[in-house]
Amino acid sequence: MEPLITLILPVYNASLTLPRTIESLLAQTLTDWELLIINDGSTDNSSILCNQYASQDSRIHVFYQKNAGVAMARQIGMDNAHGIYSIHIDADDWVESTMLEKLYLKAREADADVVIADYFINSSASEIIVKQQPSLTTPHTVLQDMFKNKIFGALWHKLVRTELYRKYNLRFFYGINHCEDLLIWVQLLQHKNIKIVYLPQAFYHYWINNNSITHNFTRKTYEIRLKFRDKLNDLLHLSNASEIVAQVSFSIFTEGFIYNILTKEEIKDGLNLYKNQIKHLKSLKWRLGFIMLSYGMSNFAHKLIHY
């Protein structure tokens, strides 16, 4: 008999935080779930921990792959998901005990394909709630909200009807390990018949991990984001798709400059390519920074263009 919910948990060298994550899942008030752990070639004690939990609870299943990145780990999870609904969890985060029950009840009550909830951002110093109410719950509007940063494009605070992955052939893409979840929404929310509801409660605790790919921008990160941009360009067919892709591309260029990983030639090409975006920047300081950069005053530009 299929479980109500499949939980997808990619793991890579997460032995320090994994117990907190899994224990929060074991504490769920809704108990009809399966947890699919995908060990992405971990070299620490993560494998031992995964096997220990699986041996103690028949709802937990462990899959192994050579290190191929979080996108392929998520794909293995979805390829093996049996739940009516599914949700993704990251190995350094944790959830409130009522998360699955509340999300499932909301989905069943509305016969929804997608339930969007609020979430927490946690660090060693603070905890805040991030509201995620869409402008409208139509698929195209929700997708537009994601590109306007009104809604976070993650999969971990949204419950999704699992059959939609198969119906619409939703895929993760090899080598795109940043914003890989946003590409799932791009593939799904361009279909008009997706029923979405919003649940104004926070359950998911997103831990700010300064060692994750999200918070460490390297040359490799930059190249991954360019792959994401190219795939987005292939997949996105909204009326303003070209504007969205151009803005994403400019954001990648800006981050590349901030983290000082661009070549002089890439800076020169970017300044020429993104003249329009620079001209319409709301931040006067950033506009002045790019003007200085165009005159080769990189050190001064860095003092003005930063987070």
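What you see is a predicted model; the values in this text were computed from it and never measured.

Q: If you had to explain helix α9 (residues 241-258) to someone new, which residues and values would you point to?
A: Within an α-helix, residues lying three or four positions from one another point in the same direction, as the helix has 3.6 residues per turn. Look at α9: 26 Å from first C-alpha to last across 18 residues, which is about the 26 Å you get at 1.5 Å a residue. Asn 260 lies just past α9 and shows a positive phi near 60°.

Q: A description of the nonpolar core should follow, citing residues and the corresponding values.
A: Ranked by size, the top nonpolar core spans 62 residues in total, and within it Leu 188 and Phe 290 carry the most contacts. The element that contributes the greatest number of residues to this core is α9, accounting for nine residues. In this structure Leu 188 touches Val 114, Val 160, Leu 164, Tyr 168, Leu 170 and Ile 194, once residues within four positions along its chain are discounted.

Q: Tell me what's going on with a nonpolar patch on the surface, and back it up with residues and numbers.
A: On the surface, a nonpolar cluster with roughly 530 Å² of combined accessible area is contributed by Leu 288, Ile 291, Tyr 295, Met 297 and Phe 300. With respect to the helices and strands, Phe 300 occurs in helix α13 (residues 298-304). On the basis of relative accessible area, Phe 300 is assigned to the partly exposed category, the value being 45%.

Q: Outline the environment of Thr 218, supporting the account with residue identities and numerical values.
A: With respect to the secondary-structure elements, Thr 218 resides in the loop between β9 (196-207) and α8 (219-235). Taking C-alpha positions, Thr 218 is 7.4 Å from Tyr 259, a pair spaced 41 residues apart along the chain.

Q: A description of the packing of aromatic side chains should follow, citing residues and the corresponding values.
A: Considering all chains together, one arrives at 17 aromatic pairs under this definition. Judged by centre distance (6.0 Å) and plane angle (45°), the rings of Phe 152 and Tyr 206 are tilted. With Phe 152 in the loop between α5 (139-147) and β8 (158-161) and Tyr 206 in strand β9, this residue pair connects regions lying 54 residues apart in the sequence. The class of Phe 152 is partly exposed, set by a relative accessible area of 34%. Its relative accessible area of 12% is what places Tyr 206 among the buried residues.

Q: Before we move on, could you go through unusual backbone geometry and cite the residues and values that matter?
A: Negative phi is the rule for most residues except glycine; trans is the rule for most peptide bonds. Backbone geometry at Cys 179 places phi at a positive 60°, although glycine is not the residue there. Locating Cys 179 in the fold gives a position in the loop between α6 (163-167) and α7 (180-188). Owing to a relative accessible area of 23%, Cys 179 belongs among the partly exposed residues under this scheme. Located in the positive-phi region is Asn 260, a residue other than glycine, with phi close to 60°. Locating Asn 260 in the fold gives a position in the loop between α9 and α10 (264-273). Owing to a relative accessible area of 58%, Asn 260 belongs among the exposed residues under this scheme.

Q: Describe the side chain of Asp 40, with residues and values.
A: By secondary structure assignment, the location of Asp 40 is in strand β2 (residues 33-40). One buried charged residue, Asp 40, remains without a salt bridge, the closest side chain of opposite sign being Lys 220 at 9.2 Å. In terms of polar contacts, Asp 40 uses its side chain to reach the side chain of Asn 67, at 3.0 Å.

Q: Please set out the pattern of salt bridges residue by residue, giving values where relevant.
A: Once the charged atoms of two side chains with opposite charge are near each other, the side chains can pair. For the structure on display, the rule yields twelve salt bridges. When the shortest N-O distance is used, the salt bridge between Asp 113 and Arg 161 registers 2.8 Å. Of the two residues, Asp 113 is situated in the loop between α4 (99-110) and β6 (114-122) and Arg 161 in strand β8; the sequence distance between them amounts to 48 residues. Each member of the pair, Asp 113 as well as Arg 161, is classed as buried. One salt bridge in this structure joins Arg 225 and Glu 255, with 2.0 Å as the shortest N-O distance. One end of the pair, Arg 225, is in helix α8; the other, Glu 255, is in helix α9, with 30 residues separating them in the sequence. In this structure Arg 225 comes out as buried when scored by relative accessible area, which is 7%. We classify Glu 255 as buried; its relative accessible area is 14%. Connected via shared salt-bridge partners are Arg 74, Asp 90 and Glu 180.

Q: Before we move on, can you summarise helix α12 (residues 284-294) with the specific residues and values?
A: Restricting attention to buried positions, one finds in α12 the residues Trp 286, Gly 289, Phe 290, Met 292 and Leu 293. One side of α12 holds all its buried residues, which, seen down the axis, span an arc of 155°. Each element contacted by the buried residues of α12 is listed here: α9, α10, α11 (275-279) and α13. Backbone geometry just downstream of α12 places Gly 296 in the positive-phi region, at approximately 80°.

Q: Talk me through the environment of Asp 32; I want residue IDs and the actual numbers.
A: Inspection of the secondary structure puts Asp 32 in the loop between α1 (18-26) and β2. Among all residues touching Asp 32, those that are not within four sequence positions of it are Glu 2, Pro 3, Leu 4 and Ile 5.

Q: Tell me about the packing of α5 against α7, residues and numbers included.
A: Orientation of α5 relative to α7, taken along the N-to-C sense of each, is 150°, at an axis distance of 10 Å. Here α5 lies roughly antiparallel to α7, going by the angle between them. Once α5 is placed against α7, the crossing between them reads as left-handed. On α7, the residues touching Leu 143, Met 146 and Phe 147 of α5 are Leu 182, Trp 185 and Val 186.

What counts, and at which threshold
- Residues numbered from 1 in each chain as written.
- Predicted model: local features only at pLDDT ≥ 70, side-chain atom pairs only at ≥ 80, totals over all residues.
- Heavy atoms only, no water.
- Helix = DSSP H or I, 4+ residues; strand = E, 2+ residues; numbered from the N terminus.
- Expected span 1.5 Å × (residues − 1).
- Core = buried A, V, L, I, M, F, W, Y, C linked by side-chain atoms within 4.5 Å.
- Buried < 20%, exposed > 50% of the residue type's maximum accessible area, 1.4 Å probe, protein only.
- Contact = heavy atoms within 4.5 Å.
- Patch = residues over 30% accessible without salt bridge, like charges linked within 9 Å, V, L, I, M, F, W, Y side chains within 5 Å.
- Areas by Shrake-Rupley, 256 points an atom, 1.4 Å probe, with all protein chains shown as cover.
- Salt bridge = Lys/Arg side-chain N within 4 Å of Asp/Glu carboxyl O.
- Phe/Tyr/Trp six-rings, centres within 6.5 Å; stacked < 30°, edge-to-face > 60°.
- Lys, Arg positive; Asp, Glu negative; His and termini not counted.
- Polar contact = N/O pair within 3.5 Å; in protein donor to acceptor, adjacent residues only side chain to side chain.
- Arc of directions from axis to C-beta.
- Axes fitted to C-alpha atoms, helices over the stretch in contact; angles between N-to-C directions.
- Parallel < 35°, antiparallel > 145°, perpendicular 65-115°, else oblique.
- Left-handed = near helix turned anticlockwise from the far one by under 90°.

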